Amino acid sequence: MKQFNKKGEKMIIVNRLLAATLVSMLGFSAVNAASNDALVKEGRKVFVTKKLGNCLACHTVQNDPNIPQAGNIGPKLSNMDTYPKEYIFNKIWDPNKTNPNTVMPPQGRSHKISKHQIDALVAYLQATAKAK
Amino acid sequence: MLKRLIKIAIISMISGSIVFAANFNAQAEKDRKAFVNYFLKKFQDPVKNHAQYFPYVSVAEIKKDYRYPLSFQDFQDGSLAWYKPSREQFAELNEFPAYSLEVDDGEALWNKPFANGKTYSSCFPKGPGVRNDYPYFDTKTNEVVTIGQAVNACRVKNGEKPYKYGKGKIAKVIAYMAFKSRGKKIHVTIPSMAAAKAYEHGKKEFYKQRGYLSLSCNECHVKSAGKRLRAESLSPALGQTTEMPVYRVKGNGTLLTLQARLAGCVKGTGAEKPKLQSKTLRDLSYFLTYMSNGMKLYGPDTRK
């Protein structure tokens, strides 16, 4: 049986702890990335589906070449990663707060889509800015 | 002296009421002129006025797909007036218009005698070409009367059951009347204070945001007219009533009256669908038709 002195034992424990932390961090980030991908996918569905957000009726987005024909009532949604998430969320929830003359419907305030679906939209919009 | 004062007071009251009577439509005329000018200016030169009216439409798309400048009468074609791709499809569709069968049916219904031997001509002595006289304000009942109501009133007067509003036989009879009224100019009048109130109510309904989409007629058909909602071109509110009843190609093709079309649009905003011939819809159609005063009718017509 291999004998360790006290210092050696401590080192082994520290090493093992470090390894476990690293593995769990990697695992966590992998799970996180996967869940964000799912959120982005859901956000795209909300964006293009008529009975959900139907954002496509007025806006087009950058870096999503397979998006169906979009309307041109609202601006093209580009560089959305330069806006804070909360700002985009609030804009979708009730755009009248920041612009009383807007024609954009208050998707959240009117409960047309849920808070989770708006979060998904925000994730999708920010992902389109990063995708090149 | 007292007699003289009374005389002056009476004369001034009478002359005042005459001036007042002539001004029932003063506000409406002011609105109409502003409404017409907005659309004429918007479609005068969309490339030049791009930043003001079409900020999110690319100049390349305007140059490729938009037809301009538009005259007042051009607005009778709705979105087909300015959107070239739809206009080309429309021209092909109207080589053999689907609504012609509906007009034929309407003519047969118009000429078919009621059980008492009379026909619609007994209620419309000027003949079927009176679509441009509707809607009008009835000063006896103080209500707006639509052409659908006039057709059904004629049926009831002659002992027949009224038609169901919106589509079907009533739309066919109106289609025949509209066909016979082609080229006649819309001339909606505001003859009394009650009529001015009905006009104001219709105007309020036009600008009212409704439904879970919080949309008003104004937002899509004034502010956003000349833009695309997905692939659909949005029609200007000016001239919208000239094409009624409208043959919609959507689905299997349906001939719809103005009331049915307005109710469908309200439903599209996520609001409760108003009842056909309700005060809301009648006053709304009164306001909307007034806005197109002076425009020649071209109904029925085909739309998407």
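Just so it is clear, the structure is predicted and the values come from calculations on it, not from any experiment.

Visitor: Sorry, what's going on with the state of the cysteines here?
Guide: One way to say it: the disulfide is the covalent bond shared by the sulfur atoms of two cysteines. Applying the stated criterion across every chain yields a total of one disulfide over all chains. Cysteine A:Cys58 remains unbridged, with the sulfur of B:Cys220 as its closest cysteine sulfur at 7.8 Å. Looking at B:Cys217, it has no disulfide partner, and the nearest cysteine sulfur is the one in B:Cys265, 6.5 Å off.

Visitor: Even after reading the chapter, I still don't get helix α11 (residues 258–268) of chain B, so can you show me in this structure?
Guide: In an α-helix, one turn spans 3.6 residues, which is why side chains three or four residues apart end up on the same side. Residues of α11(B) that are buried include every one of B:Leu258, B:Gln259, B:Ala260, B:Leu262, B:Ala263 and B:Val266, and no others. Taken from the residues just after α11(B), B:Gly270 is the one with a positive phi, measuring 90°.

Visitor: Would you take a moment to explain the packing of aromatic side chains for this structure?
Guide: For any pair of aromatic rings, the description consists of the separation of the ring centres together with the inter-plane angle of the planes. Residues and elements named next belong to chain B. Inspection of every chain in the model, using the stated rule, returns 26 aromatic pairs over all chains. Seen in terms of ring centroids, Tyr38 and Tyr53 are 5.7 Å apart; in terms of plane orientation they differ by 85°. Their pairing is edge-to-face. Taken as a pair, Tyr38 in helix α2 (residues 26–42) and Tyr53 in helix α3 (residues 50–53) lie far apart in primary sequence, 15 residues in all. Tyr38 sits in the partly exposed class, given a relative accessible area of 25%. Residue classification places Tyr53 among the buried residues on the basis of a relative accessible area of 8%. Over the aromatic face of Tyr163 sits the side chain of Arg155, whose NZ or CZ is 3.8 Å from the ring centroid.

Visitor: I tried to follow the packing of helix α2 (residues 85–93) of chain A against helix α3 (residues 115–130) of chain A on my own but got confused; where do I start?
Guide: For any two helices packed against each other, one specifies the inter-axial angle together with the distance between the axes. Residue and element names in this part refer to chain A. As a packed pair, α2 and α3 sit with axes 10 Å apart at the nearest point and diverge in direction by 125°. Of the possible angle classes, the one that applies to α2 and α3 is oblique. The handedness of the crossing between α2 and α3 is right-handed. Facing Lys85, Ile88, Phe89, Ile92 and Trp93 of α2, the residues of α3 in contact are Lys115, Ile118, Asp119, Leu121, Val122, Leu125 and Gln126. The residue inventory of the contact of α2 with α3, partitioned by class, reads eight nonpolar, one polar and three charged.

Visitor: Which parts of the structure should I look at to understand the interface of chain A and chain B?
Guide: At the interface, 22 residues of chain A touch 17 residues of chain B. Between chain A and chain B lies a buried interface of about 1600 Å² when both sides are counted; carbon and sulfur atoms form 54% of it. It is A:Asn72, A:Ile73 and A:Val103 in chain A that bury the most area against chain B; as a group they hold 39% of the surface buried on that side. Here chain A and chain B share zero salt bridges between them. Joining chain A to chain B, the criterion identifies eight residue pairs in polar contact (both at pLDDT 80 or more). Among the residues making up the side of chain A that touches chain B, the classes are represented as ten nonpolar, nine polar and three charged.

Visitor: How should I be thinking about the side chain of B:Arg155 in this particular structure?
Guide: Residue and element names in this part refer to chain B. Position of Arg155 relative to the elements: it lies in helix α7 (residues 147–157). The class of Arg155 is buried, set by a relative accessible area of 9%. Within the structure, the side chain of Arg155 is placed 2.8 Å from the backbone oxygen of Lys161, a separation counted as a polar contact. In contact with Arg155, other than residues within four places in its own chain, are Phe114, Tyr120, Glu160, Lys161, Pro162 and Tyr163.

Visitor: I keep staring at a positive patch on the surface and nothing clicks. Help me out?
Guide: On the surface, a cluster of positive charge is contributed by B:Lys164, B:Lys167, B:Lys267 and B:Lys273. Secondary-structure assignment places B:Lys273 in the loop between α11 and α12 (279–291).

Visitor: Mind showing me how you'd approach the pattern of salt bridges here?
Guide: Residue and element names in this part refer to chain B. Counting across every chain of the model gives 20 salt bridges over all chains. One salt bridge connects Lys64 with Asp65, and the closest N-O pair in it is separated by 3.5 Å. Across the salt bridge formed by Lys203 and Glu200, the nearest N and O atoms sit 3.7 Å from each other. Linking Lys203 with Glu200, this pair stays in helix α9 (residues 193–207), spanning three residues, or about one helical turn. Since its relative accessible area comes to 34%, Glu200 is described here as partly exposed. Through salt bridges with shared partners, a single ionic network connects Asp31, Glu200 and Lys203.

Visitor: What's the story with the confidence of the model for chain A in this structure? I'm lost.
Guide: Detailed reading of the predicted coordinates is not advisable wherever pLDDT falls low. In the predicted model, chain A carries a mean pLDDT of 82, and 73% of its residues have values of at least 70. Within chain A, α2(A) carries the highest mean pLDDT (96), whereas helix α1 (residues 6–48) of chain A carries the lowest (68).

Visitor: Is there a simple way to explain unusual backbone geometry in this structure?
Guide: A negative phi angle characterises most non-glycine residues, just as the trans form characterises most peptide bonds. Residues and elements named next belong to chain B. Looking along the chain, the bond that leaves Tyr68 and enters Pro69 is cis, with omega of -5°. Here Pro69 shows up in the loop between α4 (59–65) and α5 (84–93). At the junction of Met244 and Pro245, the peptide bond is cis and its omega measures out at -5° in the coordinates. For Pro245, the position within the fold is in the loop between β4 (232–233) and β5 (246–248). Even without a glycine there, the phi angle at Arg230 is positive, about 55°. In this fold, Arg230 is placed in the loop between β3 (228–229) and β4.

Cut-offs used in this document
- Residues numbered from 1 in each chain as written.
- Chains lettered and ligands numbered in written order.
- Predicted model: local features only at pLDDT ≥ 70, side-chain atom pairs only at ≥ 80, totals over all residues.
- Heavy atoms only, no water.
- Disulfide = S-S within 2.5 Å.
- Buried < 20%, exposed > 50% of the residue type's maximum accessible area, 1.4 Å probe, protein only.
- Helix = DSSP H or I, 4+ residues; strand = E, 2+ residues; numbered from the N terminus.
- Phe/Tyr/Trp six-rings, centres within 6.5 Å; stacked < 30°, edge-to-face > 60°.
- Lys NZ or Arg CZ within 6 Å of the ring centre and 35° of its normal.
- Axes fitted to C-alpha atoms, helices over the stretch in contact; angles between N-to-C directions.
- Parallel < 35°, antiparallel > 145°, perpendicular 65-115°, else oblique.
- Left-handed = near helix turned anticlockwise from the far one by under 90°.
- Contact = heavy atoms within 4.5 Å.
- Nonpolar A, V, L, I, M, F, W, Y, C, P; charged D, E, K, R; others polar.
- Buried area = accessible area lost by both parts, 1.4 Å probe.
- Salt bridge = Lys/Arg side-chain N within 4 Å of Asp/Glu carboxyl O.
- Polar contact = N/O pair within 3.5 Å; in protein donor to acceptor, adjacent residues only side chain to side chain.
- Patch = residues over 30% accessible without salt bridge, like charges linked within 9 Å, V, L, I, M, F, W, Y side chains within 5 Å.
- Areas by Shrake-Rupley, 256 points an atom, 1.4 Å probe, with all protein chains shown as cover.
- Lys, Arg positive; Asp, Glu negative; His and termini not counted.
- Charge placed at Lys NZ, Arg CZ, Asp CG, Glu CD.
- pLDDT = per-residue confidence, 0-100.

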